[in-house]
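Observations on the model geometry
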Amino acid sequence: MLLDLHSLLVIAAANVGVVSLALLVVIGRGASAATRCVQIALVALLLGGVAAITASSVWTVVLAPLALLFFSLALWLWHRALGSWLGHRTRPPTQRKKPHKPRRPDMFYGLDYRWSERGLRVLLVAAPLGYVLGTASPAFQWGWSHLCLAVMLVLVAAATLFPLRHVGRAWRWVLCASLSVLALVLLVRGLVGVWRADLLRLPDLAMALAVNMAMVGSIVALLAAWRDEAKARLHNLAMTDGLTGLLNRRGWTERAEAMFANAMRYQQPLTLMMLDIDHFKRVNDTYGHEVGDTALKLFARLLRESRRTGDLVGRLGGEEFCIVLANTHRSASIGFDLRLRAMLQQTAEKELGFPLDYSAGVGVLKDGDATLSGLIARADAALYEAKKAGRGQLVQSGGGAGLTVI
């Protein structure tokens, strides 16, 4: 027995309802903003489906534009979720483009994510509003609703094609294909409905099938995106120190190796500083471990505030920290040390109730360095000399002038 349009739409709505409930239970309260947008979007799709199915029988004047509003809201929320997953919503606003400036990597044939988001906001209001204002012409209502939804589907599909983050390609293509096919079917159905309403049986069945297929493909893609997000969050947790929020030894070493390799390849200078809070055991013994943790968090915060963009800070363990000063010679470590000590002197007494100081050792990249470990060893040896000489000072390792900046 062939299923009619109404039955296929009911099946699609039921599928969305089951998936929405399952996601709410499985993901729970610890979801990110992007995942929460997807959850709300699925609920909006469910409400829109129920409104659309009911509108075919009763209260058409109210339920039809309401269904259009729910569908538009769901697509806008999907777009916002994609913006977070793909890195567009975390990118700082760009300045006005200059003439002959190369195309940015977050643009797809001139379509910028921020402009597409503005377009979706306009359509979110314009789609149901235009439908209500076009009450005198059913053909206009039909064509307008199909056109708006098709354009929104295309905008959401296009957002999957230019990620700023390294994310899964497979789920992006599946989502793009699912939404693009549904947009095409909606456009065809809208044109046929405006031109020859008596020929709608085949487009109606095609749309119902496309809705079911697109929902399955989209939900699978969104679940894969959520899985990638969860994996990235676990990776970040594994690379981050839970107390200070800085990179831990593993995370810092991984990124420092990349900076070291880059400096060697392009013959750029690199400076590494090892820092150790002086008499930290005495702080714990005198004031307690809770105050000691507060001191560590304060020191980490000042390290973040003192560094430049591109410098790499990490907590290697205990009271020992490390920072890589990118593309800088030996003299840069002196300025950083003076800046950090001044901030620590102004802040520690006020926030901790006692002064806090540190010892520092500096190692500079040499022409003969083959691995990062040699640079770390020289900085560590200089740190040992700073402690041996009475603490509270900076000692630079000997040998090896910085390389020339290219």
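What you are looking at is a predicted structure, and each value in this text was computed from that prediction instead of being measured.

1. A closer look at the packing of aromatic side chains
Applying the stated criterion to the full structure yields five aromatic pairs. One aromatic cluster is present, formed by Phe299, Phe321 and Tyr358 through successive ring pairs. The side chain of Arg118 reaches across the aromatic face of Trp115, ending 4.6 Å from its centre. The cationic tip of Arg341 hangs over the ring face of Tyr358; the distance from NZ or CZ to the ring centre is 3.9 Å.

2. Let's talk about the layout of surface pockets
Empty space within the largest pocket amounts to approximately 1100 Å³. Taken together, the elements giving at least two residues each to the lining of the largest pocket come down to α1 (5-27), α2 (33-55), α3 (60-86), α5 (138-159), α6 (169-195) and α7 (201-239). Here the lining of the largest pocket takes eight residues from α5, the largest share from any one element. In this structure, the second largest pocket spans a volume of roughly 400 Å³. Forming the boundary of the second largest pocket are 13 residues, of which Trp85, Arg165, Val167, Asp228 and Ala232 lie nearest the centre. Elements with a contribution of two residues or more to the lining of the second largest pocket: α3 and α7.

3. Regarding the sheet that holds strand β6 (residues 358-364)
Paired through backbone hydrogen bonds, the strands of a sheet run either parallel or antiparallel to each other. Pairing within the open sheet is mixed, and its five strands lie in the order β4-β5-β3-β6-β7. Of all the strands in the sheet, just β4 (312-317) and β7 (394-396) have a single pairing partner and so form its edges. Strand-to-strand twist in this sheet, taken as the mean axis angle between neighbours without regard to direction, amounts to 20°. Note: strand β3 (residues 270-277) against β6, seven bridges, orientation antiparallel. Bridging from a neighbouring strand, Leu272 pairs with Gly363 of β6. Packed onto the sheet, helix α8 (residues 249-265) meets β3, β4 and β5 (320-326) and runs at close to 135° relative to β4. Where helix α11 (residues 330-352) meets the sheet, it contacts β3, β5, β6 and β7, and its direction lies at approximately 165° from that of β6.

4. Some remarks on the environment of Ala379
Relative to the assigned elements, Ala379 resides in helix α12 (residues 372-388). Excluding residues within four positions of it along the chain, Ala379 makes contact with Leu272, Met274, Gly361, Val362 and Gly363.

5. What about α8?
Between its terminal C-alpha atoms α8 stretches 24 Å, which fits the 24 Å expected from 17 residues at 1.5 Å a residue. Taken together, the buried positions of α8 are occupied by Gly251, Trp252, Ala256, Met259, Phe260 and Ala263. Take α8 and look down its axis: the buried residues cluster within an arc of 160°, on one side only. Opposite the buried face of α8, by more than 90 degrees, sit the exposed residues Arg250 and Arg265. For α8, the elements touching its buried residues are α7, β3, β4, β5 and α12. Its side-chain oxygen 3.2 Å from the backbone nitrogen of Arg250, Asn248 forms the N-cap of α8.

6. A word on the confidence of the model for the protein chain
Scored by pLDDT, the protein chain has a mean of 84; 88% of the residues are at 70 or more. Contacts of residues 399-406 to residues separated by more than four positions or lying in other chains number 23 contacts, the stretch itself having pLDDT below 50.

7. A few points about the nonpolar core
The nonpolar side chains of a soluble globular protein tend to be buried, and buried together. Counting 58 residues, the largest nonpolar core has Trp78, Leu82, Trp85 and Trp171 as its most contacted members. Those elements that provide at least two residues to this core are α1, α2, α3, α4 (113-133), α5, α6 and α7. Of the residues forming this core, the biggest block, 14 residues, is contributed by α3. If you look at the next biggest cluster of nonpolar residues, it comprises 29 residues, including Leu246, Leu275, Ala300 and Leu302.

How each quantity is defined
Residues numbered from 1 in each chain as written. Predicted model: local features only at pLDDT ≥ 70, side-chain atom pairs only at ≥ 80, totals over all residues. Heavy atoms only, no water. Phe/Tyr/Trp six-rings, centres within 6.5 Å; stacked < 30°, edge-to-face > 60°. Lys NZ or Arg CZ within 6 Å of the ring centre and 35° of its normal. 1 Å grid on protein atoms, 1.4 Å probe; cavity = no way out; pocket = protein on both sides within 12 Å on 5 of 7 lines; lining within 4 Å. Points joined across faces, edges and corners; volume = space filled by probe spheres on them. Helix = DSSP H or I, 4+ residues; strand = E, 2+ residues; numbered from the N terminus. Pairing = 2+ DSSP bridges. Axes fitted to C-alpha atoms, helices over the stretch in contact; angles between N-to-C directions. Contact = heavy atoms within 4.5 Å. Expected span 1.5 Å × (residues − 1). Buried < 20%, exposed > 50% of the residue type's maximum accessible area, 1.4 Å probe, protein only. Arc of directions from axis to C-beta. Polar contact = N/O pair within 3.5 Å; in protein donor to acceptor, adjacent residues only side chain to side chain. pLDDT = per-residue confidence, 0-100. Core = buried A, V, L, I, M, F, W, Y, C linked by side-chain atoms within 4.5 Å.

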